[in-house]
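Secondary and tertiary structure notes
Each chain, written out:
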Amino acid sequence: IKPRQKFEGHAGWINGTIHLADGERMITCSEDGSLQVWNLKSGKQMGEDWRDGDTKVWTMVLSPDGKKVVSGSEDGGVRLWDIATGKLIATWTGHTKTVRCMCWSRDGHRVVSGSEDGTAREWDVENGKTILGPIETGHKCAWEVLYSPDMTMFATVGDNEESKHPIKIWDAKTGELVASLNGHADSVLCLAWTPDGATLISGSDDFSIRTWNTKTWKQLALLDEHTEGVYGIAIPPNGRILASASLDNTARLWNLENSQPISSPLHHASLVNCVSFSGDGKLLFTGCDDNNAYTWDVSAILK
């Protein structure tokens, strides 16, 4: 299985990819300190790099209206960008170490972030102020943070406390701990929530992906075909399949109804850091440690 397009231009690992609503562009972020916009058909960069200093960019998320992006950087800053102009709108400060993960609320008014300082913060997008937190998560580093579809909760995962590897569920209004899920044998690195909110999915350095019932918080299934840590997972809008990115140099697609892999792995030249779907679910995006991003035709893979 070959990629549909290859995107070359970054000078460092690609840590995030997002698809824009026009279906013609994507944005990538990298350890080289930049965000870059790409033409999906030509594979060429559009315009100049988005930069604010040389600090490494570890994560980014798209606003629900598709007009803005927030990025998280090694200097602890959360940066808000305007997609139309490629200009920096504001920098939100509060975290004391690298911002590793973020999630935008579905109503567009809030962003929750997690950091290597072990805390999570909820931000008011309008004024950039912290409205909840800092929440001491108990993780040495918060690797992922994710709102539930109804925005009543958010989940955090990260490096461990006392040899446990918990997934923690928090009340999004109060910051109180709702549940702690145990089962992984190593650090949990990524999360996805099915669109109906019924299932939470986690990927770990123990090479496994696990699914969880969000009413009982019990484990449902174990997906264990990867041979190295799972660094990224994503679900398309229809919620029927799952994509995963791994340090075993592959990305995979999974059938969520039977927890089985779909087709053979998607091989890369190096570690695969991140994975995401286009808004219509037809394209899969992967970011690799070879400093390149790739697109894959999902329908062709499913066939």
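Just above, that's the structure.
Presented here is a report on the structure given in the accompanying data block. Bear in mind the structure is a predicted one, so any value in this text is a computation, not a measurement.

Take the overall build of the protein next. When helices and strands are counted, the protein shows one helix and 27 strands. At 18 Å, the protein has a C-alpha radius of gyration in line with the 19 Å of a compact globule built from 303 residues. By principal-axis analysis of the C-alpha atoms, the protein measures approximately 45 × 45 × 30 Å. Across the 303 residues of the protein, 58% fall into the buried class. For the protein, restricting intrachain contacts to residue pairs at least 6 apart in sequence, the fraction spanning at least 24 positions comes to 40%. Accessible surface computed for the protein: about 12900 Å², of which carbon and sulfur atoms make up 46%. Distance from the positive charge centre (29 side chains) to the negative charge centre (40 side chains) of the protein: 4 Å.

To continue, consider the packing of aromatic side chains. Per the counting criterion, the structure on display carries five aromatic pairs. It is Arg-100 that lies over the ring of Trp-58; its NZ or CZ is 3.8 Å from the centre.

If you walk through the whole model with that rule in mind, you get eight salt bridges. One salt bridge in this structure joins Lys-6 and Glu-8, with 3.7 Å as the shortest N-O distance. For Lys-6, a relative accessible area of 37% translates into the label partly exposed. Note on Glu-8: relative accessible area 54%, which makes it exposed. The residue Asp-52 makes a salt bridge to Arg-79 at a minimum N-O spacing of 2.6 Å. Taken together, the residues span a long stretch of sequence, with Asp-52 in the loop between β4 (35-39) and β5 (57-62) and Arg-79 in strand β7 (residues 78-82) at a distance of 27 residues.

A few words now on unusual backbone geometry. Cis geometry marks the peptide bond from Gly-133 to Pro-134; its omega dihedral reads 10°. Within the fold, Pro-134 resides in strand β12 (residues 130-136). Positive phi, close to 60°, is recorded for Ser-263, a residue that is not glycine. Its place among the elements puts Ser-263 in strand β24 (residues 260-267). Within the chain, Asn-291 stands out as a residue other than glycine whose phi angle is a positive 75°.

Cut-offs used in this document
- Residues numbered from 1 in each chain as written.
- Predicted model: local features only at pLDDT ≥ 70, side-chain atom pairs only at ≥ 80, totals over all residues.
- Heavy atoms only, no water.
- Helix = DSSP H or I, 4+ residues; strand = E, 2+ residues; numbered from the N terminus.
- Rg over C-alpha atoms; globule rule 2.2 N^0.38 Å.
- Buried < 20%, exposed > 50% of the residue type's maximum accessible area, 1.4 Å probe, protein only.
- Contact = heavy atoms within 4.5 Å.
- Areas by Shrake-Rupley, 256 points an atom, 1.4 Å probe, with all protein chains shown as cover.
- Lys, Arg positive; Asp, Glu negative; His and termini not counted.
- Charge placed at Lys NZ, Arg CZ, Asp CG, Glu CD.
- Phe/Tyr/Trp six-rings, centres within 6.5 Å; stacked < 30°, edge-to-face > 60°.
- Lys NZ or Arg CZ within 6 Å of the ring centre and 35° of its normal.
- Salt bridge = Lys/Arg side-chain N within 4 Å of Asp/Glu carboxyl O.

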